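Here is how the chains run, residue by residue.
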Amino acid sequence: MTAQSQPIAYFNGQLLPLDRISISPLDRGFIFGDGVYEVIPVYGGAPLRAREHFERLQRSMDEIALQNPHSVDEWIALMEQLLAHHPGNQSVYIQVTRGAPTKRDHVIPKGLQPTVFMMCYPLASPSREAIDNGVACITARDFRWEKCHIKSTSLLGNVLARQMSADQGAVETIMLRDGMLTEASASNVFVVKDGVVAAPPRDHLILLGITYDLLVKLAAEGSVRLEIRPISEAELRAADEVWLSSSTKEVLAVTTLDRKPVGSGKPGPVFRRMHALFQEHKSRLAPRRAVPA
Ligand SMILES: Cc1ncc(COP(=O)(O)O)c(C=O)c1O
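Residues numbered from 1 in each chain as written. Predicted model: local features only at pLDDT ≥ 70, side-chain atom pairs only at ≥ 80, totals over all residues. Heavy atoms only, no water.

## Things to note about the pattern of salt bridges
Part 1 of the reasoning: Scanning all chains against the criterion turns up 20 salt bridges.
Part 2 of the reasoning: Notably, a salt bridge pairs arginine 128 with aspartate 132, separated by 3.0 Å at the nearest N-O pair. Of this pair, arginine 128 and aspartate 132 are both found in helix H4 (residues 128-133), four residues apart, which corresponds to roughly one turn of the helix.
Part 3 of the reasoning: The residue glutamate 221 makes a salt bridge to lysine 217 at a minimum N-O spacing of 3.3 Å. A residue pair is termed a helical-turn pair when its members lie 3 or 4 positions apart in one helix, as glutamate 221 and lysine 217 do in helix H6 (residues 210-221) at four residues.
Part 4 of the reasoning: In this structure glutamate 221 comes out as exposed when scored by relative accessible area, which is 52%.
Part 5 of the reasoning: One connected set of salt bridges, linked through shared partners, spans Asp142, Arg144, Arg177 and Glu183. (Salt bridge = Lys/Arg side-chain N within 4 Å of Asp/Glu carboxyl O. Helix = DSSP H or I, 4+ residues; strand = E, 2+ residues; numbered from the N terminus. Buried < 20%, exposed > 50% of the residue type's maximum accessible area, 1.4 Å probe, protein only.)

Now the structure itself:
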């Protein structure tokens, strides 16, 4: 991509400059937010956990009865074609909506062709300062729906939650439902007490993060004690460490919660260990040379 040219994106079977893609206003993604998506981090041309992301896309599509137009292998091949135009560290954004019918109707029409869109943009990894000093978060009631395990493009609840922290100069809004920790607006949340990590259950009240799963695996391999169980608000507030995880944030320490320090107010030792395990895992990804088509 040159300074003047538009980035290349994928749309319904074609690679096109982003500004040549147009979508019907009747598309159910536009009208109802009737679609699902994924974001895959790519380091030096090598996607991290692409298969797991496309498997989650399949689960999201199954949950909303949307026919997946591609197998995991086909998705990976399409993404590789796109990545050939975007070397270096990238975020790949994939969105599939139910398609564009001829009229607006809540009832799902039969036989619609899904709309498939994929684009790349430079991966915004956490800054050195955020890694070394941690980030500020606020808390809020989780006012979203009860199907948070679906990676749906209907993100208004998450958008409004995120804006609450943005308005206070914080990085994330950590949410509580009925006194229990769920997740943050675009991240999963972990707490640490007395050296033991805890993560909320993999249920319908959170998005099961690909990074969450990777951290659970790396903790087991690195002999870090980790429990998956319900976490109360009291535990969140009394934690020695709180972390965020996501495909772009990787793992990040939360050092203030509602303007009060978390533990020592500095990223803790268990965070530093987990961050090192994560970086080591990333460094084992095979670097790839992108060949522009
Ligand atoms: C609501 C929510 N929870 C958790 C996550 C973390 O998921 P992942 O690690 O797969 O990026 C995200 C990512 O965007 C998210 O939007």
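## Observations regarding helix H3 (residues 72-83)
Part 1 of the reasoning: Spanning 12 residues, H3 covers 16 Å between terminal C-alpha atoms, matching the ideal 16 Å at 1.5 Å per step.
Part 2 of the reasoning: Where H3 is concerned, the buried positions are Val72, Trp75, Ile76, Leu78, Met79, Leu82 and Leu83. Taken down its axis, H3 places every buried residue within 160 degrees of arc, on the same side. (Expected span 1.5 Å × (residues − 1). Arc of directions from axis to C-beta.)

## Focus on the site of the ligand
Part 1 of the reasoning: Neighbouring the ligand are 16 residues, the closest being Arg56, Glu183, Ile210, Thr211 and Ser247.
Part 2 of the reasoning: Residue arginine 56 places a side-chain N or O atom 2.8 Å away from an oxygen atom belonging to the ligand.
Part 3 of the reasoning: For the ligand, a nitrogen atom lies 2.7 Å from a polar atom in the side chain of glutamate 183.
Part 4 of the reasoning: Contact with the protein chains covers 91% of the free accessible surface of the ligand, which is 390 Å².
Part 5 of the reasoning: With respect to the pocket detection grid, the ligand is positioned in the largest pocket.
Part 6 of the reasoning: Of all the elements in the fold, those that place two or more residues in the shell around the ligand are strand S9 (180-184), H6 and strand S13 (241-246).
Part 7 of the reasoning: Across the shell around the ligand, the residue classes tally to four nonpolar, nine polar and three charged. (Near = heavy atom within 4 Å. Polar contact = N/O pair within 3.5 Å; in protein donor to acceptor, adjacent residues only side chain to side chain. Areas by Shrake-Rupley, 256 points an atom, 1.4 Å probe, with all protein chains shown as cover. 1 Å grid on protein atoms, 1.4 Å probe; cavity = no way out; pocket = protein on both sides within 12 Å on 5 of 7 lines; lining within 4 Å. Sits in = over half its atoms within 2 Å of the grid points. Nonpolar A, V, L, I, M, F, W, Y, C, P; charged D, E, K, R; others polar.)

## Re the packing of helix H2 (residues 50-63) against H3
Between two packed helices, what matters for the description is the angle formed by their axes and the separation of those axes.
Part 1 of the reasoning: Following both chains from N to C, one finds H2 and H3 inclined at 120 degrees, their axes separated by 10 Å at the closest point. Overall, the two elements H2 and H3 adopt an arrangement that is oblique. Seen from above, H2 lies across H3 with right-handed handedness. Contacts between H2 and H3 involve Ala50, Arg51, Phe54, Glu55 and Leu57 from the former and Val72, Asp73, Trp75, Ile76 and Met79 from the latter.
Part 2 of the reasoning: Taken together, the residues of the contact of H2 with H3 break down into seven nonpolar, no polar and three charged. (Axes fitted to C-alpha atoms, helices over the stretch in contact; angles between N-to-C directions. Parallel < 35°, antiparallel > 145°, perpendicular 65-115°, else oblique. Left-handed = near helix turned anticlockwise from the far one by under 90°. Contact = heavy atoms within 4.5 Å.)

## Here we look at the nonpolar core
Generally speaking, a soluble globular protein has its nonpolar side chains buried in company with each other.
Part 1 of the reasoning: Core analysis: the largest hydrophobic core is formed by 24 residues, its most contacted members being Phe54, Trp75, Val92 and Met118.
Part 2 of the reasoning: Contributing elements (two or more residues each) for this core: strand S3 (35-43), H2, H3, strand S5 (90-97) and strand S6 (115-122).
Part 3 of the reasoning: Take this core: its biggest share by element is seven residues, from H3.
Part 4 of the reasoning: Other than its neighbours up to four places away in sequence, phenylalanine 54 contacts Ile40, Val72, Trp75, Ile76, Met79 and Ile94. (Core = buried A, V, L, I, M, F, W, Y, C linked by side-chain atoms within 4.5 Å.)

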